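Observations on the model geometry
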Amino acid sequence: MKTPVLIVSGFLGTGKTTFIRQFLAEFDNTERIMIIENDFGEVSFDAALLTQQGIRLQALTSGCICCTLAGDFEKSLHTVLAQADVDLIIIEPSGVGKLSDVLRVCRSAALQDRISVLPPVTIADAQRSLLYLHNFGEFFTDQIEHGQRIFLSHADENLLRAEESAAAIRKINPEASIYKTAWETISLKKLLLLPCQPARKVQCIETVQEALCTDHDHDMHCDHHDHHHDAYHDFNAVTLRSETLRSGIEWKRRAVLMLNSAPGQVVRMKGILPTPEGFISLQYNGGNIVMEETDIVDQTFTIIGAGMDEKMLRRLWKQ
Ligand SMILES: [Zn+2]
């Protein structure tokens, strides 16, 4: 029997891990689930969050499974499949990962007989989609184009903007099912494990054919991939160690400094920081900084963005 594979893609900080955690909460311990988690940065804070739920996980860090880590990704899939006791594999590509390239690996000849790819999920931030489309169109559009179930996160923050985002997404992918309701109200398990909705049958058949690619398709793919590599290098990830104990307010002040005074565009920050009262997680995405107490013991902080000055960020962090 083929092992079902669910890919949950989405741009940096759109809420992929939160989504996966809610999905996992619907399972009991009898189902054997394995997650392949890919982080563009050096350390996977999301992996730590997911393993807290007792899920087996393979983390691929410091790169992206759609390009620089594509080989490692394929190897991981084979390793996971070799364990033979896995009922479901969930793949969380990095925020800058191209869903089309991840799908291509999953549908490769070597894996095609062993896994069945469920309709891919894309999480899109309802408040930031138009901005991402404008600034990071190549990645964002690819994720939207190839997602069959698109969930809008943060839709309730501004309903009008959520509608605009949904309309822009609909234009890019007229076939996808777009979910604007809060995830908490849906049984994700029931929905996501359905191989295909009857109304979408035609689309699913098309996708299967896409996998049977000819030599000609391979040539085209290579061109496309080189192109992607250029864009890929626009992004960088900086990992900072945080050994000094500081209060939450002090850590936040530094995060704000890096957002406002450092060159380049910071898109996402996340990490675990030590305070005199214990560890906190600090996350920045969608314009907000959120701090929470956490049981995770770590001292790494990752910043992902475009055109950032690493030296400058390090200096601001130490100040
Ligand atoms: Zn990539």
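Scroll up for the structure.
Let me begin by describing the structure that accompanies this report. This structure is a prediction, so every number in the text was calculated from the model and none was measured.

Here is what the cut-offs are and how they apply
- Residues numbered from 1 in each chain as written.
- Predicted model: local features only at pLDDT ≥ 70, side-chain atom pairs only at ≥ 80, totals over all residues.
- Heavy atoms only, no water.
- Helix = DSSP H or I, 4+ residues; strand = E, 2+ residues; numbered from the N terminus.
- Buried < 20%, exposed > 50% of the residue type's maximum accessible area, 1.4 Å probe, protein only.
- Contact = heavy atoms within 4.5 Å.
- Areas by Shrake-Rupley, 256 points an atom, 1.4 Å probe, with all protein chains shown as cover.
- Donors = N, O, S within 2.8 Å, 3.2 Å for Na, K, Ca; no water.
- Arc of directions from axis to C-beta.
- Polar contact = N/O pair within 3.5 Å; in protein donor to acceptor, adjacent residues only side chain to side chain.

1. Structural notes on the overall build of the chain
Counting secondary structure elements, the chain contains 13 helices and 13 strands. Counting the 319 residues in the chain, one finds 51% classified as buried. For the chain, restricting intrachain contacts to residue pairs at least 6 apart in sequence, the fraction spanning at least 24 positions comes to 76%. Here the chain has roughly 14,700 Å² of accessible surface; of this, 53% comes from carbon and sulfur atoms.

2. Considerations on the coordination of the zinc ion
In the first shell of the zinc ion, the protein supplies Cys64 (SG), Cys66 (SG) and Cys67 (SG), at 2.3 Å from the metal. One chain supplies every donor to the zinc ion, and in sequence these donors are spaced C-x1-C-C. Each member of the pair, Cys64 as well as Cys67, is classed as buried.

3. Notes on helix H13 (residues 310-318)
Of the residues making up H13, those classed as buried are Leu313, Leu316 and Trp317. Seen end-on, H13 carries its buried residues on one side only, within an arc spanning 100 degrees. Exposed and facing more than 90 degrees away from the buried side of H13 are Lys311, Arg315 and Lys318. Contacts made by the buried residues of H13 are with strand S9 (235-241), helix H12 (248-261), strand S10 (265-275) and strand S13 (300-306). Measuring from the backbone nitrogen of Lys311 back to the side-chain oxygen at the start of H13 gives 3.2 Å, which picks out Asp309 as the cap.

4. So, the side chain of Arg268
Residue placement: Arg268 occurs in strand S10. Residue Arg268 is classed as buried on the basis of its relative accessible area, which comes to 8%. Here Gln283 takes part through its side chain, which lies 2.8 Å from a polar atom of the side chain of Arg268. Setting aside residues up to four positions removed in sequence, Arg268 forms contacts with Leu12, Gly13, Gln283, Tyr284, Asn285, Thr302, Ile303 and Ile304.

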